[in-house]
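Given next are the chains, with one letter for each unit.
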Amino acid sequence: MSAKAFDISKKLVWDAYLDVKKSGGGPGIDGQSMEDFETDLKNNLYKIWNRLSSGSYFPPPVLRVEIPKADGGVRALGIPTISDRVAQATVKRYLEPLVEPYFHPDSYGYRPGRSALDAVAKARQRCWRDDWVLDLDLSKFFDTLDHPLVMRAVRRFTSCKWVLLNIERWLKADVQLQDGTRLPRCTGTPQGGVVSPLLANIFLHLGFDQWMQDNYPAIHFERYADDIVVHCRSHKQLTWIKKRIEQRLALCKLRLNPAKTRIVYCKDSNRSGEWPCQSFDFLGYTFRPRTARDAQGQFFVSFSPAISRNAARSLRQTIRRKWRLRSRSHRSLNELARQFNPVIAGWINYYGRFYRSALHSVLNHINHALVVWAMDKFKPFRRRKTRASNWLRSVARREPKLFVHWQYQGWMTRAV
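What counts and what doesn't
Residues numbered from 1 in each chain as written. Predicted model: local features only at pLDDT ≥ 70, side-chain atom pairs only at ≥ 80, totals over all residues. Heavy atoms only, no water. Core = buried A, V, L, I, M, F, W, Y, C linked by side-chain atoms within 4.5 Å. Buried < 20%, exposed > 50% of the residue type's maximum accessible area, 1.4 Å probe, protein only. Helix = DSSP H or I, 4+ residues; strand = E, 2+ residues; numbered from the N terminus. Contact = heavy atoms within 4.5 Å. Expected span 1.5 Å × (residues − 1). Pairing = 2+ DSSP bridges. Axes fitted to C-alpha atoms, helices over the stretch in contact; angles between N-to-C directions. Phe/Tyr/Trp six-rings, centres within 6.5 Å; stacked < 30°, edge-to-face > 60°. Lys NZ or Arg CZ within 6 Å of the ring centre and 35° of its normal.

Peer 1: Just give me the short version of the nonpolar core, but keep the residues and values in it.
Peer 2: In globular proteins that are soluble, nonpolar side chains generally tend to be buried together. Counting residues in hydrophobic clusters, the biggest one holds 68 residues, and the most contacted among them are I167, M212, V230 and I245. It is helix α9 (residues 196–215) that provides the largest number of residues to this core, a total of 10 residues. Contact partners of I245, with chain neighbours within four places excluded, come to L134, L136, F208, W211, M212 and V230. If you look at the next biggest cluster of nonpolar residues, it comprises 34 residues, including A311, I319, A337 and A396.

In structure tokens form, the structure reads like this:
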């Protein structure tokens, strides 16, 4: 038996498969689901290992799907096949430990031990300290990444030939539309690819994070993938650094979206200045002046985050369009609670971390959907919304922990 061109352990491929299985996701262009892949798991994993080890792995095209965005546009996602996801996860498992120790502490996206909520918390702290925020929007970042510059960045961290070979092939892999049309790709890396977030972090670490740290260490920022917030002490400092960031991005063949890049004044009780823009969105939260109460019970204005209007709208749409409680009148209330409580708990844990009261509009929407469900299920409640609502409140008083969000809504469990 001839030796393989590259020494790749089978355990690395196995662990990559477990990562892909845990992440979930739909099929790529071959229509193969994870269940289909696992019907011949041993052979499928062997093929991936064999082709990676021999240098003969060539990725299939990624399936392009369009996801509606909150602003009315669409986000194009590239969905690789299950096999290709495992191959990408194999490279990611090899490369990530090499680059992770070098990444900036204020880079939070897709990194082990860091979360979006960590980034929001740090942004809140710095908005209290610094008066101004530069909310950066990189124009079509994932679609416009320059392939030679990406490869140059990756080579700063590894010379491993099989890693570099396959990353270059993934960057060049065709895109297949849902009608079967194939398009070549000369720039960008598909959102949805397993290795894409790591490539984005490597690129922006060198292109932005390290550059900021080396040249402007007193100016702080938070970055989550291509979502970046920069904090400045004055408007003069902000306009100065904005110009230099634009120049730096141009060298990286990137540019800011002028319509979405915002200059924000962090207005609060201690700041008397004025500016037309006093809010920005970051990771599903809107930062803006909000009424708060201090330890002595006195009200003041704090520049703080709460669930954004777009995020709240998205959650309400999920309740209406995906939960479809009206079609579940054959289910019991206990069954609905078991099905949806994990989702509700996730929403509360994320969007309720800061200024939780702003989340009540979404939680009330769940209650409204349950009232409509009860009106469809029980004949005495049909066309009697008040009676159905009173019944739901009586259930909440008897079983306040049945639905996880009832514990945060005292009015639901108080006697009337």
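Peer 1: Tell me about helix α1 (residues 10–23), residues and numbers included.
Peer 2: Compared with an ideal rise of 1.5 Å per residue, which puts 14 residues at 20 Å, α1 spans 20 Å between its outermost C-alpha atoms and is within 8% of the ideal. Taken residue by residue, α1 has L12, V13, D15, A16, Y17 and V20 as its buried positions. Considering only its buried residues, α1 is in contact with α2 (34–38), α3 (41–54), α4 (82–99) and α8 (161–172). The first or second residue beyond α1 is G24, which carries a positive phi of 75 degrees.

Peer 1: How would you explain the sheet that holds strand β8 (residues 262–265) if you had to name every residue and give the values?
Peer 2: Ordered by their spatial adjacency, four strands build an open sheet running β6-β7-β3-β8, and the pairing between neighbours is antiparallel. Edge positions in the open sheet fall to β6 (221–224) and β8, since each of these has one partner strand only. Within this sheet the neighbouring strands show an average axis-to-axis angle of 15 degrees, counted without direction. Bridge count between strand β3 (residues 132–137) and β8: four bridges; the pairing is antiparallel. Of the residues in β8, the one forming a bridge with L134 is I263. The strands touched by helix α5 (residues 116–129) are β3, β6 and β7 (227–232); relative to β6, the strand with the most contacts, the crossing angle is about 160 degrees. The strands that helix α10 (residues 235–251) touches are β3, β7 and β8; relative to β3, the one it contacts most, it runs at about 20 degrees.

Peer 1: Please provide a residue-by-residue account of the packing of aromatic side chains, values included.
Peer 2: If you walk through the whole model with that rule in mind, you get 27 aromatic pairs. Among the aromatic side chains, those forming a connected cluster through ring pairs are Y285, Y350, Y351 and F354. The ring of W49 is capped by K10, whose NZ or CZ atom sits 4.7 Å from the centre of that ring. The aromatic ring of Y355 is capped on one face by R290, whose charged end is 5.3 Å from the ring centroid.

Peer 1: Describe helix α14 (residues 385–398), and please don't skip the residues or the numbers.
Peer 2: The first and last C-alpha atoms of α14 sit 20 Å apart over 14 residues, in line with the 20 Å expected at 1.5 Å per residue. Among all positions of α14, only A388, L392, R393, S394, V395 and A396 are buried.

Peer 1: A description of the pairing of β6 should follow, citing residues and the corresponding values.
Peer 2: Covered by surrounding structure in β6 are F221 and R223 together with E222 and Y224, the residues of both alternating faces. Counting the residues in the hairpin turn of β6 and β7 gives two residues, including A225, whose phi is positive at 55 degrees.

Peer 1: Any chance you could break down the environment of I263 for me, citing the residues and the numbers?
Peer 2: On the secondary structure map, I263 appears in strand β8. Residues I263 and S279, spaced 16 residues apart in sequence, show a C-alpha to C-alpha distance of 9.1 Å. Setting aside residues no more than four positions away along its own chain, I263 makes contact with W132, V133, L134, H235, L238, K242, W275 and C277.

Peer 1: Quick one: what's the story with the sheet that holds strand β5 (residues 182–183), residue by residue and with numbers?
Peer 2: Strands sit in the order β2-β1-β4-β5 across an open sheet of four strands; the sheet is mixed. Edge positions in the sheet fall to β2 (74–79) and β5, since each of these pairs with one other strand and no more.

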